[in-house]
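# Breakdown of the fold
Chain by chain, the residues:
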Amino acid sequence: MGPIAVVGGTGHLGFGLAARWARAGRRVIIGSRQAAKAEEAAQQARALAGEGDIRGAANAEAAAAAEIVVLTIPFAAQAAILEDLRPAVRAKVVVDTTVPLRQYAPPHLESIPAGSAAAQTQALLPEARVIAAFHTVSQTLVRRIDEPLEGDVLVCGDDPAAKAAVGDLAAALGMRALDAGGLEQAVTLERLAALVIGLNQRYRRKAIGVRFTGM
Ligand SMILES: NC(=O)c1ccc[n+]([C@@H]2O[C@H](COP(=O)([O-])OP(=O)(O)OC[C@H]3O[C@@H](n4cnc5c(N)ncnc54)[C@H](OP(=O)(O)O)[C@@H]3O)[C@@H](O)[C@H]2O)c1
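Let me begin by describing the structure that accompanies this report. These figures come from a predicted structure and were not determined experimentally. (Residues numbered from 1 in each chain as written. Predicted model: local features only at pLDDT ≥ 70, side-chain atom pairs only at ≥ 80, totals over all residues.)

## Details of the overall build of the protein
This is how it is decided: Helix numbers and strand numbers start at the N terminus; a helix is a DSSP run of H or I with at least 4 residues, a strand a run of E with at least 2. This radius of gyration counts C-alpha atoms alone. The globule rule is 2.2 Å times how many residues there are, raised to the power 0.38. Exposure in this text rests on C-beta crowding, where 20 or more other C-beta atoms within 10 Å of a residue's own make it buried, 12 or fewer make it exposed, and counts in between make it partly exposed. The C-beta atoms are placed from the backbone. What counts as a contact is two residues whose backbone-derived C-beta atoms lie within 7 Å of each other.
In terms of helices and strands, the protein carries eight helices and 10 strands. Against the globule reference of 17 Å for 215 residues, the protein gives a C-alpha radius of gyration of 16 Å, in line with a compact fold. Reported as C-alpha extents along the three principal axes, the dimensions of the protein are approximately 40 × 35 × 35 Å. A burial count over the protein gives 47% of its 215 residues as buried. The contacts in the protein between residues at least 6 apart in sequence include a share of 72% that link residues at least 24 apart.

Shown next, in the form of structure tokens:
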């Protein structure tokens, strides 16, 4: 299996995912708009993971060196960063985790002409195999690396092999991946995440997740 680039892996969610995937034996490259910041985060992620192959690089360089590119950046940064990544990703699997909030509390989503943040990613990276996943995975739990993760990762996309590869990423976190349909369903994942954020706020929690029964 080739390396995973985590674009924005210096941030809350991406940093934790990078450390967990490295601990699970995957090669990881943390991406940042600044290479030096990425290197520093990689050093910290190696310390957190205790083991593993993690390095840092500027976002485009990280994406170019990776087999799978995971986007953990704010929606507001999407267009600029994807423009930078476009030549590096081509036919690669690109995993969009974006919950496009225009307001955090209470959570309100942006209105996106393409239908969802993930659909907009696909429009901006037409050759990439865009998959939407990890929207309802709490960064707070992900960063508590010594505690097992539980629950489901809903995965949307139009490329079965790409979806399977993202299912492997969920399994490496100890979570169950569920095939949640085509990329047109990503809007539901993004809305579900906004709903989960609202639950966290009303019940004063930080780590509510999702698990489907009857599977
Ligand atoms: N937090 C969660 O629990 C959670 C759960 C599921 C999904 N998500 C989604 O994951 C994405 C990242 O969330 P997060 O909480 O990890 O975000 P974050 O920590 O605020 O930001 C992640 C990284 O994005 C980069 N970035 C690029 N442009 C930016 C800009 N204009 N302003 C701020 N940062 C910018 C920064 O890296 P550099 O400065 O190094 O470039 C930053 O470290 C979001 O789309 C979010 O909806 C989050």
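## Remarks on the site of the ligand
The cut-off we apply is this: A molecule or strand has a residue near it when that residue's C-beta atom, placed from backbone coordinates, lies within 6 Å of it. Residues were grouped as follows: Ala, Val, Leu, Ile, Met, Phe, Trp, Tyr, Cys and Pro as nonpolar; Asp, Glu, Lys and Arg as charged; and all remaining residues, including Gly, as polar.
Inspection of the region around the ligand gives 23 residues, with G8, G11, S32, A77 and Q139 positioned closest. The element best represented in the shell around the ligand is helix α1 (residues 12-23), accounting for three residues. Looking at the shell around the ligand, its residues break down into nine nonpolar, 12 polar and two charged.

## So, the pairing of strand β1 (residues 4-7)
Consecutive side chains of a regular strand alternate in pointing toward one face of the sheet and then the other. Note the following rule: Here a strand pair is declared whenever DSSP counts at least two bridges between the two strands. By convention a crossover is right-handed if, when the strands point away from the viewer, the path from the first strand over the helix to the second runs clockwise.
Side chains of β1 alternate between two faces, with I4 and V6 and A5 and V7 buried alike. One ladder, built from four bridges, connects β1 with strand β2 (residues 28-32); its direction is parallel. Bridge pairing in β2 links V6 to I30. Note on the crossover from β1 through α1 to β2: the handedness is right-handed. Relative to strand β4 (residues 68-71), β1 runs parallel, the two being bridged by four bridges. Pairing of I4 across the sheet is with I68, part of β4.

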